[in-house]
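For reference, the chains in residue letters:
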Amino acid sequence: MSTIAETPRDFNYIKPRKRRLSEYEAVSCYTQPDPAVFDRQGWYLLTAEGRAAWRPESTRLQHPHWFDFRDPSGLWQRYYVKLQAEQERAIERNVEDAAIAGTLREFDSVWLHDLIGIHYRVWSFFEYGLFRAFSRAQREALSDTLGNALCFEAVDRIRHAQSTVLYLMELEAQIEGFKDHASKDHWLGNPIYQPLRKLVELLMVTDDWAEIAFAVNLIIDPIATEVGVSRLIRYRGPAHGDPVTPMIILTTERDRRRNQAWTEELVRMTTAPELLSAESNRKVLRGWIEHWTPLATAAAKAFAPLYDRLPVRSGSIDEDLAVARGAQAKILDGLGLGHEGHR
Amino acid sequence: MRNPIEAHNRVKDFDWEPSYVEKTNWYPTKYKIPAKTKDPFRHLVRDYLSMEEEKDNRQYGSMEDALARGQASSKAEPRWMEIMKAVLPIINFGEYAAMKSTGQLIETIANAELRQGYLAQMLDEVRHTHQEAYLTRYFAKHASDPEGFAQGFRLRGTNLFNRAGRAAFETFFVGDPIEGALNLQVVAETAYTNPIFVALTEIAASNGDQVTPSVFLSIQSDESRHMANGYSTLAAVVSNPDNLPALQLDFDRAFWRQHAFIDPFVAAVWDYFQTNRTTCYLEKWREWIDVDWIGSYIERLAPFGLKVPSGYEAARERVPWLGHTAAMVAYGAWPLQFWRFDPLTAKDMEWFETKYPGWHGHYGNFWEEYRRRCDPRNGELALSLFPSLPPLCRVCQMPCVFPRIDISTCRIKEFAGKRHAFCSASCELFFDQEPHRYLGYTNYYELFDGYDLADFIVENGLLRADGKTLIAQPWLNQERMWTIDDIRAMRYEIRDPLRTQ
């Protein structure tokens, strides 16, 4: 039958980003109804308070069609799960091998107890707070491709948090006298962690899904996480006999790069020159930079006493912060958001 | 070797009471949930990822390999394959809505045990959304007629039945998060996923479709965890007697909202789209809903103060007829759909009379007439067998024709200067309780009243690649398919049945 033979054998209602429709686009696009295009009748149910399923005002950024967003990683569930399962297996095997080789028992004692047992473990509470913030952000996002990127980031964060707990359990099993305890007390009361806790608590009540992503992926991770985890622990681990924790951190940095990339894409999309709202969006983004940069910087600066406790001194927090701020400024410059945004 | 119980206890200890900000009530709930309950889910993210990766490898691997090489989809019975065009886009929205529901639950329910369960479900729902979209695309590539698979997600928004599914599944995440959990986990997942994702695969397999079972059964392997989430959530809610009055009302509503769409829809899919006939929906309904869900689950919650939903008896009486009436409307209104229909044969009709005694007296004439009107050369539309298109329920969006046209429980009333139809006393009651929740949309007839059927078809993209043949067809005959010219010649006007002049 000719009419059937001529039929295109693929989804023809999705505009592919490249020449051909990708598997990622096919399984993701328009799984969320789009009232502007195909679902003109709107939403059939409101909450008792009068809220519809999705609200354009769920972000202060404006875009005529959020469904145009594409995550540059092109990840969908199958490959996201595969990636994270591989990362977790890598962690599990490395920790197991390090345990057998006796590497875990060779950590410097102060490093083990203060930097890993307390500081690195405290970080898992921060990651958990981010998991909470991103879980809500995915609920509110105004398209499927954005909702999925936010959902995967939520799962990244809970993965990081749980992975730390499991790692410390292995350290407990291998190292006599080492105990994972009191990290929650430090999280709740130690002055070193209060700016970090304040930061994540603010994110947990931020009512703008795009702001959560922008603040975390382009400001807070590049400044606070870069100093508190990458510079302080990943970079200095080997000097303290610890090649294991840095390897775990490298898996989180892979996630960070992915999350940074999609958030940069979101910024490019909302500040594209042809967009009517580009300038007002830029203003909103600059406002977010103004708001979150001092908070992220304060969180990083509060780690200063930890630098004083490092058994092997190398570099200072000011140097690390300058490196992190420099790299972060380059990210913003690349997006045309430099200068006014940070000081 | 790590101690899994200890590990699980430790990962539950992440929550804290914020002190730098005021707690924000993003998704207001009227329920009080205890801070500690039993665990619905004892896996860590690490274990979960490895388990799901393995399942994905098996399912996608088989689809890409043996099933594709064997051209499994093109060999399946066309009657069955056609209805998958309608089924997949709407189930897909259910999964997507569920992902949003679990996001709300994670935010709102301050209970570490439940949050662990919800977090895995959140990623599961992304999994199911992608599996079903992948399956739809797979069929677009491999089925003998791809039209309808290739556009289903675009067409579902204006489809009579898909839009009712949308309305049912919006309940998962538009409202009190616990009300969402009742709709999603307690009713849709615990009562209805077994018939849909398990039992329906028997029909698929008997009709030559080996691909759907491999996807649906993989989905169902996650659903048992979601049922555990539902049970734990419900147990947490009933543990505080203050919750009971609100719970019963929300539960009553949740049951009816899911029943009002799922039962007629799945019954029509089940009974009318098998070629190689096996069981009927009513038999499975009695087994899975009546005996299993009500008898072994809901009734056992009576000591805790939760009663069987108030609409349950009415639902049980309606169920034998719902699928036939839904099928009659769907077949009758075939030009509005995006799949092909295969008229019942004399053998099919015998099966119906055996499975549903009395069926012929109510529906036999329709099918005789329908068959005659399949050929465009006869110059008559099946739609003209009805005095008008049916009114659509203001609450559930289903056609107001149930349980049977001759004993329809449709009621019409005026509210805020407009006439509104309701399919049943239950939907009318829900509207009376909270009318503002159902008035936020433009209804079908507000969009399309006064359209010539041909214009509706063109505007909504219901034509095939040649630009003149309809995607939908009343029969599987490929020699004489309906074209837009055939439809235009019929001069059929879509009329709002509530329009007074």
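Residues numbered from 1 in each chain as written. Chains lettered and ligands numbered in written order. Predicted model: local features only at pLDDT ≥ 70, side-chain atom pairs only at ≥ 80, totals over all residues. Heavy atoms only, no water.

Participant: Help me understand the interface of chain B and chain A in this model?
Facilitator: One frequent convention defines the size of an interface as the accessible area lost when the parts assemble. Contact residues are listed per partner, giving 98 residues for chain B and 92 residues for chain A. Summed over both sides, the interface of chain B with chain A buries roughly 8700 Å², with 60% coming from carbon and sulfur. Three residues stand out in chain B for area buried against chain A, namely B:Phe14, B:Trp16 and B:Arg46, and they jointly supply 11% of the buried area on that side. Ionic pairing is found between B:Asp13 and A:Lys184, a salt bridge with its closest N-O pair at 2.9 Å. The element best represented in the side of chain B that touches chain A is helix H5 (residues 112-142) of chain B, accounting for 17 residues. Its residues placed into classes, the side of chain B that touches chain A shows 40 nonpolar, 26 polar and 32 charged. (Contact = heavy atoms within 4.5 Å. Buried area = accessible area lost by both parts, 1.4 Å probe. Salt bridge = Lys/Arg side-chain N within 4 Å of Asp/Glu carboxyl O. Helix = DSSP H or I, 4+ residues; strand = E, 2+ residues; numbered from the N terminus. Nonpolar A, V, L, I, M, F, W, Y, C, P; charged D, E, K, R; others polar.)

Participant: How should the domain arrangement of chain A be read in this particular structure?
Facilitator: Residue and element names in this part refer to chain A. When cut into domains, chain A gives domain 1 (1-30) and domain 2 (66-341). With centres defined by C-alpha atoms, the gap from domain 1 to domain 2 works out at 37 Å. The interface of domain 1 with domain 2 comprises 10 residues on the first partner and 13 residues on the second. Three residues stand out in domain 1 for area buried against domain 2, namely Arg17, Tyr24 and Tyr30, and they jointly supply 58% of the buried area on that side. Linking domain 1 with domain 2 are two salt bridges, by the criterion used here. Between Arg70 and Glu25 there is a salt bridge, and its shortest N-O distance comes to 2.7 Å. Joining domain 1 to domain 2, the criterion identifies seven residue pairs in polar contact (both at pLDDT 80 or more). Within the side of domain 1 that touches domain 2, the residues separate by chemical class into five nonpolar, one polar and four charged. (Domains from an automatic or database assignment. Polar contact = N/O pair within 3.5 Å; in protein donor to acceptor, adjacent residues only side chain to side chain.)

Participant: Just checking my understanding: could you explain the packing of helix H3 (residues 77-101) of chain A against helix H9 (residues 244-270) of chain A for this structure?
Facilitator: All names here are of chain A. Contact pair H3 / H9: the axes reach a minimum separation of 9 Å and the direction vectors enclose 170°. Comparing the axis directions of H3 and H9 gives the class roughly antiparallel. Of the residues in H9, those touching H3 at Tyr80, Leu83, Gln84, Gln87, Ala90, Ile91, Asn94, Val95 and Ala98 are Val244, Met247, Ile248, Thr251, Arg254, Asp255 and Arg258. Tallied by class, the residues present in the contact of H3 with H9 amount to nine nonpolar, four polar and three charged. (Axes fitted to C-alpha atoms, helices over the stretch in contact; angles between N-to-C directions. Parallel < 35°, antiparallel > 145°, perpendicular 65-115°, else oblique.)

Participant: Would you mind showing me how to read the environment of A:Ala90 here?
Facilitator: Residue position: A:Ala90 is located in helix H3. Placed 157 residues apart in sequence, A:Ala90 and A:Met247 show a C-alpha to C-alpha distance of 9.0 Å.

Participant: Just checking my understanding: could you explain the packing of aromatic side chains for this structure?
Facilitator: The relative placement of two aromatic rings is captured by the distance of their centres and the angle of their planes. In the structure shown here, the tally under the stated rule is 66 aromatic pairs over all chains. Cation over ring: A:Arg231 sits above A:Tyr235, and NZ or CZ is 4.6 Å from the ring centre. Taking NZ or CZ as reference, B:Arg404 lies 4.7 Å from the ring centre of B:Trp321, over its face. (Phe/Tyr/Trp six-rings, centres within 6.5 Å; stacked < 30°, edge-to-face > 60°. Lys NZ or Arg CZ within 6 Å of the ring centre and 35° of its normal.)

Participant: Help me understand the pairing of strand E1 (residues 411-415) of chain B in this model?
Facilitator: The two faces of the sheet receive side chains in turn, since in a regular strand these alternate between them. Residue and element names in this part refer to chain B. With five bridges connecting them, E1 and strand E2 (residues 418-422) associate as antiparallel partners. Paired with Phe415 across the bridge in E2 is Lys418. Linking two consecutive strands that pair antiparallel, namely E1 and E2, is a turn of two residues; a positive phi of about 50° is found at Ala416 within it. (Pairing = 2+ DSSP bridges.)

Participant: What am I meant to see in helix H7 (residues 160-170) of chain B here?
Facilitator: Every α-helix carries 3.6 residues per turn, so stepping three or four residues along brings you back to the same face. Residues and elements named next belong to chain B. Most of H7 is tucked away, with 11 of its 11 residues classed as buried. Along H7, the residues that are buried comprise Leu160, Phe161, Asn162, Arg163, Ala164, Gly165, Arg166, Ala167, Ala168, Phe169 and Glu170. Contacts made by the buried residues of H7 are with helix H4 (78-108), helix H10 (244-272), helix H12 (312-332) and helix H16 (444-448). With a side-chain oxygen positioned 3.0 Å from the backbone nitrogen of Phe161, the residue opening H7 is Asn159. (Buried < 20%, exposed > 50% of the residue type's maximum accessible area, 1.4 Å probe, protein only.)

Participant: Looking at this structure, how should I read helix H14 (residues 359-372) of chain B?
Facilitator: All names here are of chain B. Helix length check: H14, at 14 residues, gives a terminal C-alpha distance of 20 Å against a target of 20 Å (1.5 Å per residue), a fit within 8%. Among the residues of H14, Trp359, Tyr363, Gly364, Phe366, Trp367 and Tyr370 are the ones counted as buried. Contacts from the buried residues of H14 go to H10, H12 and helix H13 (346-355). (Expected span 1.5 Å × (residues − 1).)

Participant: Would you take a moment to explain the side chain of B:Glu52 for this structure?
Facilitator: Residue and element names in this part refer to chain B. Position of Glu52 among the secondary structure elements: in helix H2 (residues 45-69). Its relative accessible area of 0% is what places Glu52 among the buried residues. A distance of 3.1 Å separates polar atoms of two side chains, one belonging to Glu52 and the other to Arg225.

Participant: Just checking my understanding: could you explain the packing of H13(B) against H14(B) for this structure?
Facilitator: Think of two packed helices as two axes; the pair is described by the angle between the axes and how far apart they sit. Residue and element names in this part refer to chain B. Following both chains from N to C, one finds H13 and H14 inclined at 165°, their axes separated by 10 Å at the closest point. It follows that H13 is roughly antiparallel to H14 by the angle criterion. The handedness of the crossing between H13 and H14 is right-handed. On H14, the residues touching Ala346, Met349, Phe352 and Glu353 of H13 are Trp359, His360, Gly364, Trp367, Glu368 and Arg371. Residue composition of the contact of H13 with H14, by class: five nonpolar, two polar and three charged. (Left-handed = near helix turned anticlockwise from the far one by under 90°.)

Participant: Just to check I follow, could you spell out unusual backbone geometry for this structure?
Facilitator: Generally, phi is negative for residues other than glycine and the peptide bonds are trans, each holding for most cases. Cis geometry marks the peptide bond from B:Phe402 to B:Pro403; its omega dihedral reads 0°. As for its position among the elements, B:Pro403 is in the loop between H14 and E1. Of note, the phi angle at A:Ala182 is positive, near 70°, even though the residue is not glycine. Inspection of the secondary structure assignment puts A:Ala182 in the loop between helix H5 (144-174) and helix H6 (183-189). For A:Ala182, a relative accessible area of 32% translates into the label partly exposed. Located in the positive-phi region is B:Ala416, a residue other than glycine, with phi close to 50°. Checked against the element boundaries, B:Ala416 lands in the loop between E1 and E2.

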